[in-house]
Amino acid sequence: MKKYLKTIILIISLIILSLIIFNYFDNNTENLEITVNDLKETSIPGTIEISNPIFKNKGLNTNPYEIIAKKGIQIKSDIELYEVFGKFTNDNNELIYIKADKGFYSQSTQLIELIGNVLIYDDIGNKTSTRTAVINIDSRTMNLKDDIVTVSGTSTIKSNSSVVDEKDNIIVYSGNVKVKIENK
C-alpha cells in the first residue's frame, strides 16, 4: 500500500511540476510575442528616438518660441512628441504656455498638432483646455477642437471649436457656444 501511495504522490508531483514548467514557458512566449509586436510597430525605417527634444526659434520672422518634450520619435522630417510643453511669445512680449500628452511637430510646415489634455495658459490667469489643437507658427493661428473651455477672470466660455488669430487679435468660438460671466 505504501508503495502505491509513494507512486501516486510521485506521479502527482510530476504532473504539477510539468504544469508549472509549461505555464512558465507559455507566459514567456506570450511576453516575447508582445515584445516582438511592439518592436515591429516602433521600428519604422527612418525613425529615431530622441530623449528630451527641445526646439527653439529666436524670432527672425516669427515671435520666439520653445517646444520641449519628454520623448520624441523622428519620422523623416516630422517628430512625434510625448509629454509636450511649450512657450510662445506674443507681439506684446507676453508668454503663452502649452501642455499636452502628445504632439506632432513639423519644422518644414511650422505646424504643431497637440493631442490629449491640451492646456493653453498665460501668466495673468487665462486658461483654455481642449482635446486637440493645431498651432500654425507662420500664420500665428491656433485651431482648437473638441470640448474647448476657456476661463478668463470671472468668465467661462465653452464651445465645440475655436480659432485664435494672433495677427488680427481675434478669437472666434463656434459650435455650441456657452458663455458664463459672474459678477463679483
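Parameters and conventions
Residues numbered from 1 in each chain as written. Predicted model: local features only at pLDDT ≥ 70, side-chain atom pairs only at ≥ 80, totals over all residues. Heavy atoms only, no water. Salt bridge = Lys/Arg side-chain N within 4 Å of Asp/Glu carboxyl O. Helix = DSSP H or I, 4+ residues; strand = E, 2+ residues; numbered from the N terminus. Buried < 20%, exposed > 50% of the residue type's maximum accessible area, 1.4 Å probe, protein only. Contact = heavy atoms within 4.5 Å. Phe/Tyr/Trp six-rings, centres within 6.5 Å; stacked < 30°, edge-to-face > 60°. Core = buried A, V, L, I, M, F, W, Y, C linked by side-chain atoms within 4.5 Å.

On to the pattern of salt bridges. Tallied over the full model, the rule gives five salt bridges. The closest approach of N and O atoms between Lys 87 and Glu 66, which form a salt bridge, is 3.8 Å. Taken together, the residues Lys 87 in strand β4 (residues 78-89) and Glu 66 in strand β3 (residues 65-75) connect sequence positions 21 residues apart. Lys 87 sits in the partly exposed class, given a relative accessible area of 31%. The shortest N-O distance in the salt bridge between Glu 80 and Lys 102 comes to 3.3 Å. Here Glu 80, found in strand β4, pairs with Lys 102, found in strand β5 (residues 95-106); they are 22 residues apart in sequence, far enough to count as distant.

Next up on the list: the environment of Ile 135. For Ile 135, the position within the fold is in strand β7 (residues 127-136). When its relative accessible area of 6% is taken as the criterion, Ile 135 is described as buried. Considering only alpha carbons, one finds Ile 135 and Glu 113, 22 residues apart in sequence, at a separation of 6.3 Å. If we ignore the near neighbours within four places in the chain, the residues touching Ile 135 are Phe 88, Ile 98, Gln 110, Leu 111, Ile 112, Leu 114, Thr 141 and Met 142.

Quick look at the packing of aromatic side chains now. The tally for this structure, following the rule as stated, stands at three aromatic pairs. Seen from their ring centres, Tyr 65 and Phe 88 are 5.7 Å apart, and the 25° between their planes marks the pair as stacked. Within this pair, whereas Tyr 65 is found in strand β3, its partner Phe 88 is found in strand β4, the two being separated by 23 residues in sequence. Of the two residues, Tyr 65 and Phe 88, both sit in the buried class. A centroid spacing of 5.2 Å and a plane angle of 25° characterise the contact between Tyr 97 and Tyr 121, whose relative ring orientation is stacked.

With that settled, consider the nonpolar core. With 21 residues, the main nonpolar core has Ile 67, Leu 81, Tyr 105, Ile 112, Leu 114 and Ile 135 as its most contacted residues. Those elements that place two or more of their residues in this core are β3, β4, β5, β6 (111-122), β7 and β8 (141-152).

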